[in-house]
Amino acid sequence: MTQQKVRTRFAPSPTGYMHIGNLRTALYAYLFAKANGGDFILRIEDTDRTRYVADAVDFIERTLKLAGITPDEGPGYGGDCGPYVQSERMDLYKKYAEELVKTGHAYYCFCDPKEDHTTGEFGGYDRTCRNLSQDVIDEHLKNGDPYVIRQKMPLDGETSYQDVLHGTVTIPNSELEDQVLLKRDGMPTYNFANVIDDHLMGITHIMRGAEFITSTPKYILLYQSFGWDVPVFIHLAPVMGKNEDGSVSKLSKRHGATSFDDLVKMGYLPEAIVNYVALLGWNPKTTNQEIFSMQELTSHFSLEGLSKSPAVFDYQKLGWVSGEYFKAMEPAKFAEMAKPFAGDLPDYLAAHWDSLAELLRTRIERLGQIPQEIGFLCEQPAFDAELYVNKRNKVTPEKAKDLLPAVIELLEAVPESEWTNDSLYAKLEAHIEATGVKKGLMMWVVRIAAAGQKVTPGGATEILTLLGKENSLARLKKSLDALNAM
RNA sequence: GGCGCCAUCGUCAAGCGGUUAAGACACCGCCCUUUCACGGCGGGUUCAUGGGUUCGAAUCCCAUUGGCGUCACCA
């Protein structure tokens, strides 16, 4: 028996929004295909005309690209199983639905969805049209009456299938509704188009959300009706969000950003998001490594590492992962990437952007933190004597008052051309030695007087350098005045 | 409600009948330090409950409880 080539797919509906859970599904499907030398197919499921969002296909492709997931086949990627957009395959579904009617696995239903059989036990439908005589059916068809085609479910017994994660799943057939295959508008339902396309596109492994566990027997029955091979099913546990009261529920808007796009806008690194999401419901088993490139993800991926229980999305850990990426990044690359997040910078900061960015690089987790990180450099925060209190370095406002005048005098003598970090550090160090004051104490006082904020990216001299001579001195004097006025 | 899925630290998780129950994030100490960060060291009543099976159970079985999902001419 020849080994069949693995083919997986990602089949989003074009909503213009890539939920983290969907991204993860796409990622796993992609990784599994690549780990096994297979193909990953992108298919657009746009059978609901009322939900169609313009440009959504474009959006999906851009998102996948940003995430580093490259389809082997799909709209815009080519492939032998196209078209890869379901609305362009309509005639196909109709043909297959009619075939099922002929073989007795489906039937025409002329009921009005709003009026008829609304009290039936199956989603408002009671299987009435199963019993229509051929004459009645022909009459309706001849009149051009609207109809749907429904799947004829077995009335008793049960249907089972194998799920890689969940083992044998069995559902009583009595739970299965005579689901609609072909809608009034001629479009197939998701449940039908899925089976047809997965078969026609040679999909071998279906990865999708756990919400499909219960409806999969309907698919199985469909495959059997056609006499087709049943693919391997892998139902992924949902991604959860933590609620205020500590409970969890499926990740949604109220938990914060839930789309890949939102996260990118917040300044998390796309690679880091993908890395973190990969770990949310999967683990490499053979290593404790947590930072993975797409390449490494591919080589480590295996189905055994997939978790069958839901995972809670943790923004904190995502932040850590993203921070790790920034720490490992080329300074120049980071500076360039971070620039748009800094907003309008005063000239003196814009001139020092590279060194400012370098201070930021190792201390932030997302680019969106930058404005608040550097706010104090743009405008001196209001005076607060409390800032001059630090136990470890024995700093007090009084000491600051004593130390500052000499520092100001010293700095005033520094020529503009020597206003650099190294030079300032050397001068302050010499001053510290001359006065016999502890370095931590002196530096704390200078830093606070210049920054006006307890926590700052960078130390005293780095801040002085960033601020420039004129600016620094003005701030130092202002702080000293405030201290004297106490 | 019927049906189904799930259940190890706060979170992600390893574990597949015998372990001092890994590791990471977060948290708390301490060290280092020109602040913060980084880095280093250390800390914490984690196997939902109750029954089995077994010499032995976090691991297997059953029940309970809880969470989640699903019951559309949406995907």
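Numbering of residues starts from 1 in every chain and runs along the sequence as written. Written order decides the labels, with chains lettered from A and ligands numbered from 1. In keeping with the predicted nature of the model, local features appear solely for residues at pLDDT of at least 70, side-chain atom pairs appear and are counted solely at 80 or more, and the whole-chain, interface and lining totals rest on all residues. Only hydrogens and water are set aside; all other atoms, that is, all heavy atoms of the structure, feed into the side-chain values.

(A) Structural view of the layout of surface pockets. A cavity, in this analysis, means grid points on a 1 Å lattice covering only the protein atoms where a 1.4 Å probe fits yet has no way out; a pocket is instead an open set bounded by protein on both sides within 12 Å along at least five of seven lines, and a residue lines either one if it has an atom within 4 Å of a point. Grid points are joined across faces, edges and corners, and a volume is the space filled by probe spheres set on the points. The calculated volume of the largest pocket comes to roughly 1,000 Å³. Around the largest pocket, the lining is made up of 37 residues, and of these A11, S13, N22, E211 and F212 lie nearest the centre. Among the elements of the structure, β1 (7-10), α1 (20-35) and β8 (205-209) are those that each provide at least two residues to the lining of the largest pocket. No other element matches α1, which puts four residues into the lining of the largest pocket. Its residues assigned to classes, the lining of the largest pocket comprises 17 nonpolar, 10 polar and 10 charged. The helix and strand labels rest on DSSP assignments: H or I over at least four residues marks a helix, E over at least two residues marks a strand, and numbering proceeds from the N terminus. Each residue receives one of three labels: charged for Asp, Glu, Lys and Arg, nonpolar for Ala, Val, Leu, Ile, Met, Phe, Trp, Tyr, Cys and Pro, and polar for the others, Gly being one of them.

(B) Summary view of the packing of aromatic side chains. Side-chain rings of Phe, Tyr and Trp (the six-membered ring for Trp) are treated as a pair once their centres are within 6.5 Å; stacked means planes under 30 degrees apart, edge-to-face means over 60, and tilted covers the remaining angles. Summed over the entire model, instances satisfying the criterion amount to 16 aromatic pairs. Plain terms: the ring middles of Y30 and F40 are 5.6 Å apart, the flat faces sit at 85° to each other, and that makes the pair edge-to-face. Here Y30 is found in helix α1, whereas its partner F40 is found in strand β2 (residues 39-42), with 10 residues between them in sequence. Residue Y30 shares its accessibility class with F40, and that shared class is buried. Between F226 and W228, the ring centres sit 4.1 Å apart and the planes meet at 15°, which makes this aromatic pair stacked. By relative accessible area, F226 is classed as buried at 11%. Among the aromatic residues, those joined into a ring-pair cluster are Y28, W282, F292 and F301. The rule for a charge over a ring is simple: NZ of Lys or CZ of Arg within 6 Å of the ring centre, and within 35 degrees of the ring normal. The residue whose ring lies beneath R208 is Y219, and the NZ or CZ to ring-centre distance is 4.5 Å. A cation over a ring is seen here: R447 above W444, with NZ or CZ 4.9 Å from the ring centre. For the exposure calls, accessible area comes from a 1.4 Å probe over protein chains only, and a residue counts as buried if that area is under 20% of its type's maximum, exposed if over 50%, partly exposed in between.

(C) Region of interest: the pairing of strand β6 (residues 167-172). Strands are labelled as partners when DSSP assigns at least two bridges between them. One ladder, built from six bridges, connects strand β5 (residues 158-163) with β6; its direction is antiparallel. The partner of Y161 across the bridge, within β6, is V169. Hairpin connection from β5 to β6: three residues lie between these consecutive antiparallel strands.

(D) Quick look at the state of the cysteines. Cysteine sulfurs are considered disulfide-paired once they come within 2.5 Å of each other. Summed over all chains, the structure comprises zero disulfides. In this model C109 remains outside any disulfide bridge; the closest cysteine sulfur is found in C129, 3.7 Å from its own. Residue classification places C109 among the buried residues on the basis of a relative accessible area of 2%. Lacking any disulfide linkage, C111 is separated from the closest cysteine sulfur, that of C129, by 3.3 Å. Its relative accessible area of 12% is what places C111 among the buried residues.

(E) Summary view of a positive patch on the surface. On the surface, a cluster of positive charge is contributed by R392, K394, K399 and K438. Mapped onto the secondary structure, K399 falls in helix α15 (residues 397-412). Only residues above 30% relative accessible area that lack a salt bridge enter a patch, with like-charged residues linked at up to 9 Å and the nonpolar side chains Val, Leu, Ile, Met, Phe, Trp and Tyr linked at up to 5 Å. Per-residue accessibility takes into account occlusion by the displayed protein chains alone, with areas from the Shrake-Rupley method and a 1.4 Å probe. Within this document, salt bridges are pairs made up of a side-chain nitrogen of Lys or Arg and a carboxyl oxygen of Asp or Glu, the two lying within 4 Å of each other. Under this rule, positive means Lys or Arg and negative means Asp or Glu; His and the chain ends count for nothing. A charged residue contributes its charge at one atom only: NZ of Lys, CZ of Arg, CG of Asp or CD of Glu.

(F) Representation of the sheet that holds strand β7 (residues 180-182). Ordered in space as β3-β4-β7, the three strands form an open sheet in which the pairing is antiparallel. Looking at strand neighbours, the two that pair on one side only are β3 (106-109) and β7, the edges of this open sheet. Across the sheet, the mean angle separating the axes of adjacent strands is 40° when strand polarity is ignored. Pairing of strand β4 (residues 148-151) with β7, which is carried by two bridges, proceeds in the antiparallel orientation. Directly across from R150, in β7, lies its bridge partner V180. Contacts: residue pairs with any heavy atoms within 4.5 Å of one another. Lines fitted to C-alpha atoms define the axes here, with helix axes fitted over just the stretch in contact, and angles between the N-to-C directions of these axes take values from 0 to 180 degrees. Sitting on the sheet, helix α3 (residues 90-102) touches β3, β4 and β7, and the angle it makes with β3 is about 105°.

(G) Just the pattern of salt bridges, in detail. Taken as a whole, this structure holds 20 salt bridges when the rule is applied. Put simply, R130 and D178 hold a salt bridge, and the shortest N to O gap is 2.8 Å. Here R130 is found in the loop between β3 and α4 (134-143), whereas its partner D178 is found in the loop between β6 and β7, with 48 residues between them in sequence. D178 shares its class with R130; the two are buried. A salt bridge links R150 to E177, with the nearest nitrogen and oxygen atoms 3.9 Å apart.

(H) Structural context of the protein's contact with RNA strand B. For each residue, the test is whether any non-hydrogen atom lies within 4 Å of the molecule or strand; if one does, the residue is near. Around RNA strand B lies a shell of 62 residues, among which K183, N283, E290, R363 and Y425 are the nearest. Sugar and phosphate atoms constitute 69% of the interface atoms of RNA strand B, taking the interface as everything within 4 Å of the protein. Two N or O atoms form a polar contact when they lie within 3.5 Å of each other; inside protein one atom must be a possible hydrogen donor and the other a possible acceptor, and for residues adjacent in sequence the pair counts only when both atoms belong to side chains. In the model, a sugar or linking oxygen of RNA strand B is placed 3.0 Å from a nitrogen or oxygen of the D48 side chain. Taking H166, its side chain carries an N or O atom lying 3.0 Å from a sugar or linking oxygen of RNA strand B. Among the elements of the structure, β6, β10 (239-242), β11 (248-250), β12 (311-312), α10 (315-328), α17 (439-451) and α18 (460-467) are those that each provide at least two residues to the surface near RNA strand B. Split into classes, the residues belonging to the surface near RNA strand B amount to 22 nonpolar, 18 polar and 22 charged.

(I) Seen up close, the side chain of D178. Relative accessible area serves as the criterion here: at 0%, D178 is assigned to the buried category. Polar side-chain contacts of D178 include one of 3.3 Å to the side chain of R127. Setting aside residues up to four positions removed in sequence, D178 forms contacts with Y107, Y125, R127, R130, R150, Q151, K152 and M153.

(J) Focus on the packing of α15 against α17. At a minimum axis distance of 10 Å, the contact between α15 and α17 shows a crossing angle of 80°. Regarding the angle of α15 to α17, the classification is roughly perpendicular. The segment α15 lies against α17, with K399, A400, L403, L404 and V407 engaging L441, M442, V445, V446 and A449. Across the contact of α15 with α17, the residue classes tally to nine nonpolar, no polar and one charged. Here roughly perpendicular refers to angles of 65 to 115 degrees, roughly parallel to angles under 35, roughly antiparallel to angles over 145, and oblique to all remaining angles.

(K) Structural context of the packing of α15 against helix α19 (residues 469-484). Two elements in contact, α15 and α19, have axes separated by 10 Å at closest approach and are oriented at 150°. On the basis of their axis angle, the class for α15 and α19 is roughly antiparallel. Judged by the sense of rotation from one axis to the other, the crossing of α15 with α19 is left-handed. Residue-level inspection shows P397, A400, K401, L404, P405, I408, L411 and E412 of α15 in contact with α19, the latter providing K469, L473, L476, K477, L480, L483 and N484. Per-class residue counts for the contact of α15 with α19 are 10 nonpolar, one polar and four charged. Crossing chirality is assigned from the near helix's rotation relative to the far helix, an anticlockwise turn below a right angle marking it left-handed and a clockwise turn marking it right-handed.

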